[in-house]
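A look at the structure
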Amino acid sequence: MANINFVNENREVIAADGANLRLKAMENQIDLYTLKGKLLNCGGYGQCGTCIVEVVEGMENLSPKTPVEERMLKKKPDTYRLACQTTVNGPVSVRTKPK
């Protein structure tokens, strides 16, 4: 089991290993999107780049970055991930809507 700590929301969610980060956030009413993201949302296919989260702790417990993430996040810090492309395999803390 994996605990996902959403720092900004002060909420912890329990997920099965291999769970998709975006889906777990949505299932628990955690808003990942800014206004732009709400308008341009691709539905979890990694094409819009609007579900960005910052990994505060536990990067080693996430799936490796996908080629889509490498392309979409190449000018962002290494701690940024696309929630739709990320699976969780252990405890992690993330910050939604990083600046």
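Quick look at the structure, then. (Residues numbered from 1 in each chain as written. Predicted model: local features only at pLDDT ≥ 70, side-chain atom pairs only at ≥ 80, totals over all residues. Heavy atoms only, no water.)

1. Some details on the nonpolar core
- Ile4, Phe6, Leu21 and Val94 are the most contacted members of the largest nonpolar core, which has 25 residues in total.
- Those elements that place two or more of their residues in this core are β1 (2-6), β2 (11-15), α1 (21-27), β4 (52-57), β5 (80-82) and β7 (92-96).
- Among all residues touching Val94, those that are not within four sequence positions of it are Ile4, Asn5, Phe6, Val7, Leu21, Val53, Glu54, Val55 and Val56. (Core = buried A, V, L, I, M, F, W, Y, C linked by side-chain atoms within 4.5 Å. Buried < 20%, exposed > 50% of the residue type's maximum accessible area, 1.4 Å probe, protein only. Helix = DSSP H or I, 4+ residues; strand = E, 2+ residues; numbered from the N terminus. Contact = heavy atoms within 4.5 Å.)

2. Focus on the sheet that holds β1
- Taken together, 5 strands build an open sheet; the order of strands is β2-β1-β7-β4-β5 and the sheet is mixed. For this open sheet the edge positions go to β2 and β5, each flanked by a neighbour on one side alone. Looking at each pair of strands side by side, their axes are set apart by 35° on average, direction ignored.
- Bridging between β4 and β7 involves 4 bridges; their strand directions are antiparallel. Bridging across to β7, Glu57 finds its partner in Ser93. (Pairing = 2+ DSSP bridges. Axes fitted to C-alpha atoms, helices over the stretch in contact; angles between N-to-C directions.)

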